[in-house]
Amino acid sequence: MGDRVLIAGLGKSGVGAMRLALSQDIKVFACEKKRASEWEKCGETIPPQVKVEFESNGFELLDEVTDVIVSPGISYKSDFVKRAINKKKNVMSEIEFASRYTTVPIIAVTGTNGKTTVTKLINEILRKDGKESIEAGNIGTSLSEVVSQNFKGDYIVCEISSFQLELISNLKPHISLLLNITPDHLDRYDSLDEYADTKMRIFENLSDEDFGIINADDSLIMTKLSKLRGQTFFFSRTQSKIKGAYVDSGEIVFRDLKFAENIMPIERIKMKGCHNLENALSAVSVSMIVDVKKEVVAEVLEKFLPPSHRMEEVANINNVLFINDSKATNIDALKRALEGIEEKVILIAGGRDKNGDFASITDEVKSSVRLIIAIGEAAGKIEKAFSDIVEVFRAKTLEEAVNKAYRIARPGEVVLLSPGCASFDMFDSYEHRGDEFKRCVRKLYEN
C-alpha cells in the first residue's frame, strides 16, 4: 500500500475502510455521490484529517493518491475505475484492502443465494464450540471495520458478494465456500458466465494449506473446477460418497479421505426447504474441516433459523399463512421459495428487474401458484410471463397487494412475498420491503 488512498463511496464498507486506513497512518481522501446533508443522515462522522468531496465522482482526486478503494456499488467497468487504472493507480475492493491488515484466518462465503444464512450459521457453530469468531463483510459490518478494531480471534466468517470480488488481487481466505451460482445481477454483468467467473475468483489465491468448498449439485460450478485452488471439498443433497458433506439414508454424513462420520438425521434440522438443507450441508463441511465437535454442529442445526426476510412466517390469519421472503431478490430465490411450499400460493412478486428470466420458473408457477399480484417496475414483465398460466393482478403499493391477497386467499393457502427482484424502485432495501410487508399483515390482524 502507498500512503495516500482515495475511498470511493462512503457506505458501510467505505467508512470501515476509512477507519482502517487512518489506523494505519495512511492519508485518506474520499468521494461520495450523495449530498453532505443526505449522507449525514446515516449518523457517521468524518474525521477532520480526511479530505472528502461530496456530490463527486472522484475524478478530481485521483491525482492526489497512490491507491483507490472502490465501493461495491461501483462496477469494475465504470469510467471511474477505468480512469484510475489508466492513471496507474492501485485499484482494489474494500475486502481486498482489509484482508491485507489481518492475520486471522478468514472463512469466506459467497454464492447467489444463502450467503447471510450460512455466514451466521457457521459463526454460531464456531462460537458454540468455544472458538472466538466474528461475522463480517456483506452481512452488515465491513471486514475493514472488524480489522480496524484489532480483532484477534480464531476466525472471521466473511460474507462476500460478486461485487466485492471484482477488484481483488491477493485476497486469500483459509476456507472459501461457494454455495451456488444462478442468474443474478445481469444488469451489471454481460452474461451469466461473466458473473460466474467473478464468483470463482474467491478461489484464485488459495494455497495447498487452504480449502475450497463447492456445491456438487450446481452444474455451472462443476464446469469450472479447473479454477479451483487449495484442497477441494464438496457438499450435496443428491449425491453420496463424495469428499465432504452429503445425505445418506436420511442422515447427514461427512467424509474425508480417511473416514466417514454420521452427523445427524436431516429431520432434526430446524430450517426447512431443500435450499436450507444445502445451507446446512455447506456449514457442516466448514465445521468438520476446522474440527468442530459433531455434537455441537447437530445442537446448533436443531435450533437455528435463518435471519429475517428469508421464508419468515409472519402470521396465520383465518388459516391463511403469510410468509415474508423479501430477500428473494432474484429468480432462483423465488424458485426455491415455491419449491419449499406444499400449499397453494398467492404470490406477490415484482420490483426492480435485474434482467431475470421469469419464464425459467414456469413449471414451478404452474405447480404451486394459484394467483399472482405483481408490483413495482417489473409488474408488466411478470404479467407477460405468467398471464397465460395463472391470473395476474397488478397493485400500485405493497399494502394494496397484501389486502388484495387476503381477500382472494382461501383457507389453507399461503400468501407469499417473494419478489424475484431488487427492492430499490419502491423501497430503500429488501429489509425495508419486508418490514413494510409485515406491517401490512399486522394491520390485517389488528383489524
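Given the structure is predicted, the values throughout are model-derived calculations rather than measurements.

Caption draft 1: Quick peek at the pattern of salt bridges. One pass over the structure, following the stated rule, counts 35 salt bridges. With a closest N to O distance of 4.0 Å, E299 and K303 form a salt bridge. A salt bridge links R370 to E413, with the nearest nitrogen and oxygen atoms 2.7 Å apart. One end of the pair, R370, is in strand β18 (residues 369-375); the other, E413, is in the loop between α15 (398-408) and β20 (414-417), with 43 residues separating them in the sequence. When its relative accessible area of 22% is taken as the criterion, R370 is described as partly exposed. Residues participating in the shared-partner salt-bridge network are D193, D197, K224 and K227.

Caption draft 2: Region of the structure containing the sheet that holds strand β3 (residues 51-54). If you trace the five strands from one edge of the open sheet to the other, you get β3-β2-β1-β4-β5, paired in parallel fashion. Taken across any chain shown, the strands that pair with only one partner, and hence form the sheet edges, are β3 and β5 (90-93). Going across the sheet, the axis of each strand differs from the next one's by a mean of 20°, ignoring polarity. One ladder, built from four bridges, connects strand β1 (residues 4-8) with strand β4 (residues 67-70); its direction is parallel. From the neighbouring strand, I7 faces β4, where its bridge partner is I69. Contacting β1, β4 and β5, helix α3 (residues 79-86) runs over the sheet at an angle of about 160° to β4.

Caption draft 3: Focus on the packing of aromatic side chains. Under the counting rule described, the total for this entry stands at nine aromatic pairs. On the numbers, 5.8 Å between centres and 50° between planes, the contact of W39 with F54 is tilted. Of this pair, W39 sits in helix α2 (residues 36-39) while F54 sits in strand β3; the two residues are 15 residues apart in sequence, bridging distant segments of the chain. Given the relative accessible area of 5%, W39 is considered buried. A centroid spacing of 6.3 Å and a plane angle of 45° characterise the contact between F163 and Y189, whose relative ring orientation is tilted. Separated by 26 residues along the polypeptide, F163 in helix α7 (residues 162-165) and Y189 in the loop between β9 (175-178) and α8 (192-200) bring together distant segments of the chain.

Caption draft 4: Region of the structure containing the environment of E377. Tracing the backbone shows E377 in the loop between β18 and α14 (379-386). Those residues in contact with E377 that lie beyond four places of it in its chain are G351, R352 and D425. One polar contact links E377 to R352, side chain to side chain, over a distance of 2.9 Å.

Caption draft 5: Up close: the sheet that holds strand β12 (residues 244-248). Reading across from one edge, β7-β8-β6-β9-β10-β11-β12-β13-β14 is the order of the nine strands in this open sheet, with mixed pairing throughout. The open sheet has two edge strands, β7 (133-137) and β14 (260-265), and neither has a second partner. Within the sheet, the average angular offset between the axes of one strand and its neighbour, ignoring direction, is 20°. Both strand β6 (residues 106-110) and strand β8 (residues 155-159) contribute to a ladder of four bridges, which runs parallel. Considered in β8, the bridge of V109 is made with E159.

About the cut-offs
- Residues numbered from 1 in each chain as written.
- Predicted model: local features only at pLDDT ≥ 70, side-chain atom pairs only at ≥ 80, totals over all residues.
- Heavy atoms only, no water.
- Salt bridge = Lys/Arg side-chain N within 4 Å of Asp/Glu carboxyl O.
- Helix = DSSP H or I, 4+ residues; strand = E, 2+ residues; numbered from the N terminus.
- Buried < 20%, exposed > 50% of the residue type's maximum accessible area, 1.4 Å probe, protein only.
- Pairing = 2+ DSSP bridges.
- Axes fitted to C-alpha atoms, helices over the stretch in contact; angles between N-to-C directions.
- Contact = heavy atoms within 4.5 Å.
- Phe/Tyr/Trp six-rings, centres within 6.5 Å; stacked < 30°, edge-to-face > 60°.
- Polar contact = N/O pair within 3.5 Å; in protein donor to acceptor, adjacent residues only side chain to side chain.

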